[in-house]
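Examining the three-dimensional arrangement
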Amino acid sequence: MARKLTTGSSRPVLGLTMGDPAGIGPEVIAKALADKALARLCRPVVIGSRPVMERTIKWLDLPLHVVTFDPSGKAALKPGQVAVADPLDTPLPKFRMGVAAAVTGAASIAFIKEAVALAQAGSVGGIVTAPINKEAMNMAGFHYPGHTELLADLTKTKEFGMMIVGGPLKIMFTTTHVAINALSPLLTTERIGKAIRLAHLGLTKYFGIARPRIGVAALNPHAGEHGLFGNEESTSIAPAVKLARAAGIKASDPLPADTLFGKAARGDYDGVVAMYHDQGLIPLKLVAFGTCVNLTVGLPIIRTSVDHGTAYDIAGKGVAEHGSLLEAVKVAARLAQSWSPVTHSSR
């Protein structure tokens, strides 16, 4: 179980995982480390390849110096020093920036595993993840849809979900990376009910809203128009809402997405349950692109993430921006200050 670690400071220690070394993760982390705003938020520890971090800092010509992370918390860092926890037994072989490869995919998994171990040991108060590449991860033999499922597996968490917050919106996703033509069979009453419960958990435990109002999105236009455009609203979504209400959760009827997100942005709802990936991500990125934060709800540790991918197309060009990483750190740092571990979700 994670505990808040401050090592003599009100600023929590947070682990920043490097993500895929061939992506923009090392660059945005290096730029964030050079930003004075980061030091005001937390005491950062980079969990990744030390040689990659050193090369990135040198390439960007940043006034930083890498040192080895001391998990005891006794070693005080001097200005400009960057603590790195490198779990790799041997340095990464040469790899191409912006290209998926098994070696970098495997490294990104090693960084995540090390981060979870440090968080569970209490050596870091939470983790903030830079992006991994799903193709590279699968090439390395790790067949997960993404970070969320891997983290749940590593922490033995049974009920978990991805909430993304940005601007006025807090959205829990019923499904994430699923083809549209495979979506309908997955929208069962059980799955939707779980998303509503997790939305309630996230809004109460993570954001301190005692009685959150949760807007539940319909799947079809006009919420199906009484079966004219589909019946998932009546067969799956409405029954899940009924069960949630019976458990004391303030959940809405299935509402057309084209109006629901506007209402949530105006404050009519504290959070929204979206049925699929783009249904929630389009309005989120419209109102808060570059500042959205991915929060994994239900884990026994704090985990936030950037809202972008590895951006292979710009990796190694020096143009990646670190704003999203800073936003993810802000959320993780705030949670770490008042963290009460979610213990009921781990079996």
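Residues numbered from 1 in each chain as written. Predicted model: local features only at pLDDT ≥ 70, side-chain atom pairs only at ≥ 80, totals over all residues. Heavy atoms only, no water.

Focus: the overall build of the protein
Scanning the protein from terminus to terminus reveals 11 helices and 12 strands. The C-alpha extent of the protein, read off along each of the three principal axes, is 60 × 40 × 35 Å. In the protein, which comprises 347 residues, the share counted as buried stands at 52%. In the protein, 75% of the contacts between residues at least 6 apart in sequence involve partners at least 24 apart. With the model as given, the accessible surface of the protein reaches about 15000 Å², and the carbon-plus-sulfur share is 55%. For the protein, the separation between the mean place of its 36 positive charges and that of its 26 negative charges on side chains is 7 Å. (Helix = DSSP H or I, 4+ residues; strand = E, 2+ residues; numbered from the N terminus. Buried < 20%, exposed > 50% of the residue type's maximum accessible area, 1.4 Å probe, protein only. Contact = heavy atoms within 4.5 Å. Areas by Shrake-Rupley, 256 points an atom, 1.4 Å probe, with all protein chains shown as cover. Lys, Arg positive; Asp, Glu negative; His and termini not counted. Charge placed at Lys NZ, Arg CZ, Asp CG, Glu CD.)

Observations concerning the sheet that holds strand β2 (residues 43-47)
With mixed pairing, the 12 strands of this open sheet are ordered in space as β3-β4-β2-β1-β5-β12-β11-β6-β7-β10-β8-β9. Only two strands of the sheet have a single neighbouring strand rather than two, namely β3 (65-68) and β9 (250-255). Averaged over all pairs of adjacent strands, the angle between their axes in this sheet comes to 30°, without regard to strand direction. Contacting β2, β3 and β4 (81-85), helix α3 (residues 50-60) runs over the sheet at an angle of about 165° to β3. Sitting on the sheet, helix α8 (residues 232-246) is in contact with β8 (213-217) and β9, with an inclination near 170° to β9. (Pairing = 2+ DSSP bridges. Axes fitted to C-alpha atoms, helices over the stretch in contact; angles between N-to-C directions.)

Considering the packing of aromatic side chains
How two aromatic rings sit relative to each other is given by the distance of their centres and the angle of their planes. Using the criterion set out here, one finds 0 aromatic pairs in the structure. Just above the ring of Phe207 sits the side chain of Lys170; from NZ or CZ to the centre is 5.0 Å. The lysine or arginine in question, Lys194, covers the ring of Phe160, its NZ or CZ lying 5.3 Å from the ring centre. (Phe/Tyr/Trp six-rings, centres within 6.5 Å; stacked < 30°, edge-to-face > 60°. Lys NZ or Arg CZ within 6 Å of the ring centre and 35° of its normal.)

Comments concerning the UniProt feature "binding site: a divalent metal cation" (unreviewed entry) in the protein
In the numbering adopted here, UniProt assigns the feature "binding site: a divalent metal cation" (unreviewed entry) to His177, His222 and His277. The greatest C-alpha distance among the annotated residues, which extend across 101 residues, is 23.9 Å, indicating that they are dispersed rather than converging on a single site. Mapped onto the elements, His177 comes out in the loop between β7 (169-173) and α7 (189-206). Residue contacts for His177: discarding those within four places in its chain leaves Lys134, Pro145 and His277. As for its position among the elements, His277 is in helix α10 (residues 277-288). (UniProt positions renumbered as here; feature names shortened; annotations may be inferred.)

Structural notes on the packing of α7 against α8
If you want to describe how two helices pack, look at the angle between their axes and the distance between the axes. Between α7 and α8, the shortest axis-to-axis distance is 8 Å and the interhelical angle comes to 45°. Considering their axes alone, α7 and α8 lie oblique with respect to each other. As α7 runs across α8, the sense of the crossing is right-handed. Facing α7, whose interface residues are Thr189, Ile192, Gly193 and Ile196, α8 presents Thr235, Ser236, Ile237, Pro239, Ala240, Val241, Leu243 and Ala244. (Parallel < 35°, antiparallel > 145°, perpendicular 65-115°, else oblique. Left-handed = near helix turned anticlockwise from the far one by under 90°.)

Comments concerning the UniProt feature "binding site: substrate" (unreviewed entry) in the protein
The positions UniProt marks with the feature "binding site: substrate" (unreviewed entry) are His147, Thr148, Lys285, Asn294 and Arg303. Looking at the secondary structure, you find Lys285 in helix α10. When its relative accessible area of 31% is taken as the criterion, Lys285 is described as partly exposed. Its location among the elements puts Arg303 in strand β12 (residues 303-305).

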